[in-house]
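If you want the building blocks of each chain, they are given just below.
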Amino acid sequence: MTRVTETDFFILNCLSEGVYAAIAKPGHGAWSNAGFVDLGEELLVFDSFSTPSAGIELRRHAENITGKRAKYLINSHYHGDHVFGNQAFEDTTIISTSLTKKWFIEKNVIGDLEREIEETEKYLNNLKIQIENNQEQVIRDSLINQFNEMSKVLVDLPRLKLVLPTVIFEEKLIIEGSKRKVELHCLGGGHTLSDTFMYLPEEKIAFMGDLVTENLHLPIYNPDEYKSILRQVKEMDIITFVPGHGNVGNREQLNSLERYISVLINSSLQALENNHSIDSFLLEFTTPKEYTEWRGVNGIKDNLTKIYNFYSLANSTKV
Ligand SMILES: [Zn+2]
């Protein structure tokens, strides 16, 4: 891996000839990682960052470095920090799963601009209070990062335009260029209802979206499916992982996440088996040492609550 350049938003690494990972600089308005691949005649971009400004910068660098025009943009999932730069790629073919497009339409709604600005300012003020009152260093740092990223989104709000995927697929899509092929895989939904990752079989590189993140309490949508997705990814011949957040890594990123999800699942199931309420479960839970430095504005508690509720609901609906 060689470092190619550094912009205001990201650090660009070349992973293999024609394959690039754009790693977000924390708090600078990119928020999540992206990447691009020279297919031979065309250029494919994976995810578009959290602001139009960062998306435009990504496209500019991608086209300059490869000398090709962007033809495809992949949206790994619907979260704003991965798709709010889509407008920089409006003239390209934007690809996602059908469920990601559905959720994009339903969840990413920008109403009256003045009200959106007012609400974002309110949210930022609230974060400020939390930062002032929080003594835990890791949580404080996470809150500060959230504040910085949302401030960048606020600056770009007046020009933000939501641009939807135009081509949808379900489980697998292969794009073959003259130089190389990329595979888009959706094995279900772990982080959201539908998560896509991109696999380059020749190079053994995968751009994982938020299915893999580094040292982060990433939101978990469905723990069972998440586990099954990670198990299937493990079977694939992948050496290099580009996570949705954090630095480029290897299989250990996958293993670490797998262990994390198992801890969450096992402790939640045990608490339910012992009839512990959610409050006593959270109170009694000791975060394993491996995760004490992981970032997240609410630490591990958000995921513990979500997974406890997930199984509690599953139990209550069992006939
Ligand atoms: Zn996400």
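Residues numbered from 1 in each chain as written. Predicted model: local features only at pLDDT ≥ 70, side-chain atom pairs only at ≥ 80, totals over all residues. Heavy atoms only, no water.

Q: Any chance you could explain the coordination of the zinc ion here in plain terms?
A: Under perfect tetrahedral coordination by four donors, a metal shows angles of 109.5 degrees; under perfect octahedral coordination by six donors, it shows angles of 90 or 180 degrees. The zinc ion binds to the protein through His77 (NE2), His79 (ND1), His191 (NE2) and Asp210 (OD), with metal-donor distances spanning 2.1 to 2.2 Å. Classification of the site at the zinc ion as irregular follows from its 4 donor atoms and the range of 89 to 170° in their angles at the metal. Coordination of the zinc ion draws on donor residues from a single chain, spaced H-x1-H-x111-H-x18-D in sequence. One end of the pair, histidine 79, is in the loop between strand E6 (70-74) and helix H2 (80-83); the other, aspartate 210, is in the loop between strand E12 (205-207) and helix H6 (223-235), with 131 residues separating them in the sequence. For the residue pair histidine 79 and aspartate 210, the accessibility class agrees, reading buried in each case. (Donors = N, O, S within 2.8 Å, 3.2 Å for Na, K, Ca; no water. Tetrahedral: all angles 85-135°; square planar, octahedral: opposite > 155°, others 65-115°. Helix = DSSP H or I, 4+ residues; strand = E, 2+ residues; numbered from the N terminus. Buried < 20%, exposed > 50% of the residue type's maximum accessible area, 1.4 Å probe, protein only.)

Q: Just to check I follow, could you spell out the pairing of strand E9 (residues 172-176) for this structure?
A: Consecutive side chains of a regular strand alternate in pointing toward one face of the sheet and then the other. Where E9 meets strand E10 (residues 181-186), 5 bridges bridge the pair, whose relative direction is antiparallel. Its bridge partner lying in E10, lysine 172 is registered against histidine 185. Between E9 and the antiparallel strand that follows it, E10, lie 4 residues. (Pairing = 2+ DSSP bridges.)

Q: Could you clarify how one ought to interpret the environment of alanine 21 in this entry?
A: Of note, alanine 21 is situated in strand E3 (residues 19-24). In this structure, the C-alpha to C-alpha distance between alanine 21 and phenylalanine 36, residues 15 residues apart in sequence, is 6.7 Å. With near-sequence residues (within four places) excluded, alanine 21 lies in contact with Ile11, Leu12, Asn13, Leu15, Ala34, Gly35, Phe207, Val242 and Val248. (Contact = heavy atoms within 4.5 Å.)

Q: How do you make sense of the packing of H6 against helix H7 (residues 251-273) when you look at a structure like this?
A: Between two packed helices, both the angle of their axes relative to each other and the distance between the axes serve to describe the pair. Remark: H6 packs on H7, axes separated minimally by 10 Å, with the N-to-C direction vectors making an angle of 155°. On the basis of the axis angle, H6 is roughly antiparallel to H7. Regarding H6 and H7, the two cross each other, and that crossing is left-handed. Between H6 and H7, the residues in contact are Pro223, Tyr226, Lys227, Leu230, Arg231, Val233 and Lys234 and Arg251, Leu254, Asn255, Leu257, Glu258, Ile261, Ser262 and Ile265, respectively. Here the residues of the contact of H6 with H7 sort into 8 nonpolar, 2 polar and 5 charged. (Axes fitted to C-alpha atoms, helices over the stretch in contact; angles between N-to-C directions. Parallel < 35°, antiparallel > 145°, perpendicular 65-115°, else oblique. Left-handed = near helix turned anticlockwise from the far one by under 90°. Nonpolar A, V, L, I, M, F, W, Y, C, P; charged D, E, K, R; others polar.)

Q: Sorry if this is basic, but what is going on with the sheet that holds strand E8 (residues 167-169) here?
A: Within a beta sheet, neighbouring strands are joined by backbone hydrogen bonds and run either parallel or antiparallel to one another. Within the open sheet, the 8 strands sit side by side as E1-E2-E3-E4-E5-E6-E7-E8. Their pairing is mixed. In the strand order of this sheet, the two ends are held by strand E1 (2-6) and E8, each with one partner. The average angle at which neighbouring strand axes cross in this sheet is 20°, direction not considered. Two strands pair when backbone bridges link them, and E6 and strand E7 (residues 93-97) are joined in this way by 3 bridges, in the parallel orientation. Residue pairing for E7: isoleucine 74 is matched across the bridge by isoleucine 95. Those strands touched by helix H3 (residues 98-107) are E7 and E8, and its axis lies near 100° from that of E7.

Such coordinate-based values are descriptive only and should not be taken to indicate function.
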